[in-house]
Every structure is written in C-alpha cells, then in structure tokens.
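Each chain is listed here by its residues.
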Amino acid sequence: MLIKIEAIVREEKYEEVKEALNKIQVNGITVAQIMGCGVQRGYKEIVRGSEVDLFLQPKIKFEIVVSSEEWEKKVIDTIQKTAYTGEVGDGKIFSYEIRSAMRIRTKETGYDALQSEF
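Residues numbered from 1 in each chain as written. Predicted model: local features only at pLDDT ≥ 70, side-chain atom pairs only at ≥ 80, totals over all residues. Heavy atoms only, no water.

Colleague: How do you make sense of the pairing of strand S1 (residues 2-10) when you look at a structure like this?
Modeller: It is a general feature of regular strands that their side chains alternate between the two faces of the sheet. For S1, a buried count of eight out of nine residues is recorded, marking the element as mostly surrounded by other parts of the structure. As defined by bridge partners, S1 adjoins strand S6 (residues 91-98) across eight bridges and the pair is classed as antiparallel. When the bridges of S6 are listed, Glu6 appears paired with Phe94. As judged from the eight bridges shared by S1 and strand S5 (residues 57-66), these two strands associate in the antiparallel manner. Considered in S5, the bridge of Ala7 is made with Phe62. (Buried < 20%, exposed > 50% of the residue type's maximum accessible area, 1.4 Å probe, protein only. Helix = DSSP H or I, 4+ residues; strand = E, 2+ residues; numbered from the N terminus. Pairing = 2+ DSSP bridges.)

Listed below in structure tokens is the structure:
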C-alpha cells in the first residue's frame with residue numbers, strides 16, 4: 001500500500017520541517033509555496049494608511065509518498081511536532097491511499113517506483 005501525506009504548514013517552519021524529515025530519512029519530498037486560509041479567515045493589516053483584509057496567507061505544502069502505515073505515522077508525528085507553535089494557523093496534515101504510482105523513466109510501479117536506484 002502506498003500512502004500520500006500532504007502537510008500545509010507556516011512558511012517560517014519550512015526549514016525545520018525539511019530538516020526533521022531528512023533526519024528520519026524521508027527521501028522523496030515535493031514542496032510548494034501556496035496561499036490559503038483556514039478557520040482564522042486571514043487577518044487585517046494597514047497598508048498605506050488603509051485597512052486591508054488579507055484573506056489568504058502564505059503557507060508551505062509538503063507532499064510525501066510512503067510505503068507503509070508505519071512510515072505514515074512516523075512522518076505525520078515528525079511534521080506535527082516540528083510545525084507546532086500552538087497558535088491558530090499551524091496548518092493541517094492529510095493522508096490518503098494511492099491507487100498507483102509509476103516511475104516515468106523505467107515504468108516501475110508501486111513500491112518499486114518509490115525506491116532509490118543508488
């Protein structure tokens with residue numbers, strides 16, 4: 001079974017989360033800068049003397065595919081502990097099963113598509 005984990009975290013937690021995942025030997029990571037909002041619905045800021053409602057906030061999205069429920073738990077626990085500040089806006093973590101995966105170059109599928117050739 002392959003499991004995809006998506007974690008949306010504060011921008012300032014990017015380096016810490018990346019390093020924590022590296023320490024537990026997570027090899028394949030996709031990272032994107034995104035904009036979004038959650039329960040807090042953005043915030044108000046004064047820009048050039050006018051109050052502006054900033055609905056979307058910058059976030060970082062990590063995407064990781066793992067090969068077992070054991071790795072899923074390890075990755076989720078690591079991200080949660082590292083990204084936690086206790087404040088509104090810490091982010092979310094989602095996980096779900098993947099039906100298939102294929103390495104484009106070699107056409108390897110499933111678990112083999114995730115493994116390093118080194």
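Colleague: How should the pattern of salt bridges be read in this particular structure?
Modeller: When the charged atoms of two side chains with opposite charge come close together, those side chains can pair. Enumeration over the complete set of coordinates arrives at 10 salt bridges. The shortest N-O distance in the salt bridge between Arg10 and Asp90 comes to 2.9 Å. Within this pair, whereas Arg10 is found in strand S1, its partner Asp90 is found in the loop between helix H2 (69-83) and S6, the two being separated by 80 residues in sequence. Overall, the relative accessible area of 16% leaves Arg10 in the buried class. (Salt bridge = Lys/Arg side-chain N within 4 Å of Asp/Glu carboxyl O.)

Colleague: Before we go on, may I ask you to explain the sheet that holds S5 in this structure?
Modeller: Each strand in a sheet pairs with its neighbour through backbone hydrogen bonds, running either in the same direction (parallel) or in the opposite one (antiparallel). Strands sit in the order S2-S5-S1-S6 across an open sheet of four strands; the sheet is antiparallel. Lying at the two open borders of the sheet, with one neighbouring strand each, are strand S2 (30-36) and S6. When the angles between neighbouring strand axes are averaged without regard to direction, this sheet yields 20°. Here seven bridges tie S2 to S5, and the two strands are oriented antiparallel to one another. Each bridged residue has a counterpart across the sheet, and for Ile34 the counterpart in S5 is Lys59. Its contacts with the sheet place helix H1 (residues 14-23) against S1, S2 and S5, and it is angled at close to 10° to S5. (Axes fitted to C-alpha atoms, helices over the stretch in contact; angles between N-to-C directions. Contact = heavy atoms within 4.5 Å.)

Keep in mind these values describe shape, not function.
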